[in-house]
Amino acid sequence: MDEAVSLGAKFVSNSYGTGYTSTPGSGEDPSELTAMDPYYNHPGVAMVASSGDDEYGVSYPAASQYVTSVGGTALTRDSGTSRGWTESVWNDDFGGPGSGCSLYEPKPAFQTDTACAKRTVADVSAVADPVTGVSVYQTYGGGGWSVYGGTSAASPIIAGVYASAGAPVAGTYPNAYPYAHSSSLNDVTTGDNGSCTPTALCTAGAGYDGPTGLGTPNGLTAFSSGPHGVIKGTVTDHATGSPIAGATVKAGDYTTKADAAGAFTLNIPPGSYDVAASAYGYTSATDKGVSLAEGATVSESFALDSAPSQTVSGKVTDGSGHGWPLYAKITADGVPGGPVFTDPVTGAYSLTLPQNASYTLHITSDYPGYKPVTKSVDVGVSAGTLNIAVAVDSEAARAPGYAVHLTGPTADFTDTTAAPADWKVSNADGTTGGWEFDDPGERGNRTGGSGGFAVVDSNHIGSGQHQDSALLSPSYDLSSASRSCRSTPSTGRRPAPRRTWMSRPTAAPPGQRCGTRPPSRCSARSTSLFR
């Protein structure tokens, strides 16, 4: 990308991406923000990327905050509509567009959907279904005409629309353009690319949705910068005059950050704006009613005063019975610097935060088996106390000083040739392998228990084979059954770090194995272990 831009490219299409699944973060890495995003960060250049062809899930670079992420549709002639075409989410045997919520990329200011707190994929879409794809004439690596599809075809279509709309304005991010002109797109309202929560990330509907974004091109308006003006200036420390790098400057719904010299530039549509500057540790400042005419440049600079700080302190303790102090990590959203750690002996902590503001704290125990905790704290004009009790994760059942207790019927997987009494294995047609009990791949019991177990070992069976296998329990009355994680007797002292005292049962209620009530059904298409 850097080379293309240095050679003068204003429109760059990227028809590739990382592999992904529907699991959040499967196609991303936290290092992308620093290691990869800079290659796509080129203001004044339409950087376009395909969202992927493996249905619901997020791929990179489509997740990057600096690209126009392109989803895919199926486009069919329909003389019964005023447009002459009908369009829905592409989803068939060839695949479907990627979509979803990035695990790491911050949400751009122009994205206002509520389905995702971070960057949402996609922004717009174009035809991608190979069944209704585009004709391409090949002169290299093939010959003649053929029909192609996938979001790898949709991405260059959108790049071409940007090019037809004209060169982007210097300093602007073209992925924001469609959001300013969403009514100039064909809104795709039917179809899906999978199942998800919230459904807007994978199911088309009125307005924005994940698989098709804001919609497909309907002319060029949504891909042009339109009228604009510039608000520029600096943000400095009032007392010292030093630049405040990273300060946030906001004009209406448009936001930017000050650079290392404290300078900022906003390329935005003409209008009247309340322009505000804020930074951590400073009192924010606002200049109301700034008028910006088309083609004009307005200078706005801010000198911010340091905000007084107050101390928030307290203790982090076990919240499920023992009450002993916990060694834990505490972070606060929007607060720079590293995390704060509690005293490993007393659980005490102390945070110094600017006053007259609200903060969200995240508390993570250093010991295994505890749930993460999120707390909100309002910092006023005096010091405050916030004690935090951290609950044990009874499902994980790994917290020191606690033991799992099970009541109700159990089943022992002791037979190496067959399922327990009254349990059944049901293999769908075409299945090779299925649930087995003799550990054919010699993997050993990896369930956390001991003794016999059941496994569908697709790796051992080999590639090119198909497994659709159900392990069915008999019906059990579990109305009186329970699973609890209760504290064990203690001397009043918490356990030492990194050590776990835990008893594990050799069997558990069979109806709970699949997370459902009996009769349970465990279907497997990959390596699975079943104790």
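Residues numbered from 1 in each chain as written. Predicted model: local features only at pLDDT ≥ 70, side-chain atom pairs only at ≥ 80, totals over all residues. Heavy atoms only, no water.

Q: When you look at the nonpolar core in this model, what are you seeing that I'm missing?
A: Here is a general trend for soluble globular proteins: nonpolar side chains tend to be buried in one another's company. Grouped together as the largest cluster of nonpolar side chains are 24 residues, with contacts concentrated most on Val-316, Tyr-349, Leu-361, Ile-363, Tyr-370, Ile-388 and Val-390. Mapped onto this core, the elements with two or more residues apiece are strand S20 (309-318), strand S21 (328-332), strand S23 (348-354), strand S24 (357-365), strand S25 (373-379) and strand S27 (388-390). With 21 residues, the next largest nonpolar core counts Ala-46, Ala-128, Ala-159 and Tyr-177 among its residues. (Core = buried A, V, L, I, M, F, W, Y, C linked by side-chain atoms within 4.5 Å. Buried < 20%, exposed > 50% of the residue type's maximum accessible area, 1.4 Å probe, protein only. Helix = DSSP H or I, 4+ residues; strand = E, 2+ residues; numbered from the N terminus.)

Q: Mind showing me how you'd approach the state of the cysteines here?
A: Put plainly, a disulfide is one covalent bond tying together the sulfur atoms of two cysteines. For the structure shown, the criterion picks out two disulfides. Each disulfide pairs two cysteine sulfurs, and for Cys-101 the partner residue is Cys-116, the sulfurs being separated by 2.0 Å. A torsion of 65° about the S-S bond marks the disulfide between Cys-101 and Cys-116 as right-handed. A residue pair is termed long-range when its members are at least 10 positions apart, and Cys-101 in strand S5 (residues 100-101) and Cys-116 in the loop between S5 and strand S6 (120-121) qualify at 15 residues. When its relative accessible area of 25% is taken as the criterion, Cys-101 is described as partly exposed. In this structure Cys-116 comes out as buried when scored by relative accessible area, which is 5%. The disulfide bridge from Cys-196 ends at Cys-202, spanning 2.3 Å between sulfur atoms. The sign of the S-S torsion, about -100°, decides the handedness of the disulfide formed by Cys-196 and Cys-202: left-handed. Just as Cys-196 is buried, Cys-202 falls in that class too. (Disulfide = S-S within 2.5 Å.)

Q: Explain the pattern of salt bridges here, please?
A: A side chain of one charge can pair with a side chain of the opposite charge if their charged atoms are brought near each other. Scanning the model with the defined rule gives five salt bridges in all. Its salt-bridge partner being Lys-288, residue Asp-274 comes within 4.0 Å of it at the nearest N-O pair. In this pair, Asp-274 is assigned in strand S16 (residues 271-278) and Lys-288 in strand S17 (residues 285-292), connecting sequence segments 14 residues apart. Residue class for Lys-288 comes out exposed when judged on its relative accessible area of 64%. (Salt bridge = Lys/Arg side-chain N within 4 Å of Asp/Glu carboxyl O.)

Q: What am I meant to see in the sheet that holds strand S13 (residues 248-251) here?
A: Adjacent strands of a sheet form backbone hydrogen bonds with each other and so pair up, either parallel or antiparallel. Strand order in the open sheet formed by four strands is S14-S13-S16-S17, and the pairing between neighbours is antiparallel. This sheet does not close on itself; its edge strands, each paired only once, are strand S14 (254-257) and S17. Across the sheet, the mean angle separating the axes of adjacent strands is 20° when strand polarity is ignored. Bridging between S13 and S16 involves four bridges; their strand directions are antiparallel. Across the sheet, Thr-248 pairs through a bridge with Ser-278, a residue of S16. (Pairing = 2+ DSSP bridges. Axes fitted to C-alpha atoms, helices over the stretch in contact; angles between N-to-C directions.)

Q: When you look at the environment of Cys-202 in this model, what are you seeing that I'm missing?
A: Among the secondary structure elements, Cys-202 is positioned in the loop between strand S10 (185-186) and strand S11 (216-217). On a C-alpha basis, the gap between Cys-202 and Ser-99 in space is 6.5 Å, while along the polypeptide they are 103 residues apart.

Q: What am I meant to see in unusual backbone geometry here?
A: What is expected of a backbone is that most residues other than glycine have negative phi and most peptide bonds are trans. Between Tyr-60 and the following residue, Pro-61, the backbone shows a cis peptide bond with an omega angle of 20°. Residue position: Pro-61 is located in the loop between strand S2 (46-50) and strand S3 (68-77). Between Thr-197 and Pro-198 the backbone carries a cis peptide bond, its omega angle lying at -5°. By secondary structure assignment, the location of Pro-198 is in the loop between S10 and S11. Positive phi, close to 65°, is recorded for Glu-55, a residue that is not glycine. Inspection of the secondary structure assignment puts Glu-55 in the loop between S2 and S3. On the basis of relative accessibility, which here comes to 29%, the residue Glu-55 falls in the partly exposed class.

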